[in-house]
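# Breakdown of the fold
Read off the chains here:
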Amino acid sequence: MKWWLRSRDGVDDSQDRDIARSCTGKDGYRSEAEARAHAAMNGMSGVLFTYRCTYCDDWHLTRRKT
Ligand SMILES: [Zn+2]
């Protein structure tokens, strides 16, 4: 999920903040199943929702349903 660090040309500040909030501040998973497995492992199944990240193309977990 670090590829974008090497290709940031043209990324403006507002997008930077959005990335920080929705991507780099979170763990990334290679599949929805893996993300769900981590949520379940932490007892957060039903609390955390998975979503496909538009920045790193990994899956992240969020408390808010998207
Ligand atoms: Zn991401």
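Residues numbered from 1 in each chain as written. Predicted model: local features only at pLDDT ≥ 70, side-chain atom pairs only at ≥ 80, totals over all residues.

### Thoughts on the overall build of the protein
- Along its length, the protein carries 2 helices and 2 strands.
- Ordered by position in the sequence, the α and β elements of the protein form the string α-α-β-β.
- For the protein, the proportion of its 66 residues judged to be buried stands at 6%.
- Looking at the protein alone, contacts between residues at least 24 apart form 52% of all its contacts between residues at least 6 apart. (Helix = DSSP H or I, 4+ residues; strand = E, 2+ residues; numbered from the N terminus. Buried ≥ 20, exposed ≤ 12 C-beta atoms within 10 Å, placed from the backbone. Contact = placed C-beta atoms within 7 Å.)

### Some details on the pairing of strand β1 (residues 49-52)
- Across 4 bridges, β1 lies against strand β2 (residues 59-62) in antiparallel orientation. Looking at β2, one finds that Arg52 is bridged to Trp59.
- Counting the residues between successive antiparallel strands, the hairpin from β1 to β2 contains 6 residues, one of them, Asp57, with a positive phi of roughly 70 degrees. (Pairing = 2+ DSSP bridges.)

### Structural notes on the environment of Arg30
- Relative to the elements of secondary structure, Arg30 occurs in the loop between α1 (13-24) and α2 (32-41).
- Under the C-beta neighbour-count criterion, Arg30 is labelled exposed, with 11 such atoms within 10 Å.
- Considering only alpha carbons, one finds Arg30 and His60, 30 residues apart in sequence, at a separation of 9.1 Å.

### A look at the confidence of the model for the protein
- With 80% of its residues at a pLDDT of at least 70, the protein reaches an overall mean of 84.
- For the protein, the element scoring lowest by mean pLDDT is α1, at 83; α2 scores highest, at 96. (pLDDT = per-residue confidence, 0-100.)

### A closer look at unusual backbone geometry
- With phi around 70 degrees, Asp57 is a residue other than glycine that occupies positive phi space.
- Relative to the helices and strands, Asp57 resides in the loop between β1 and β2.
- By the C-beta count within 10 Å, which is 12 here, Asp57 ends up exposed.

### Observations concerning the environment of Ala39
- Tracing the backbone through its elements, the reader meets Ala39 in helix α2.
- The partly exposed category is assigned to Ala39, around which 18 C-beta atoms lie within 10 Å.
- Through-space distance from the C-alpha of Ala39 to that of Leu61 is 7.6 Å; in sequence the pair is 22 residues apart.
- Each residue touching Ala39, except ones within four places of it in the same chain, is listed here: Met44, Ser45, Leu48 and Leu61.

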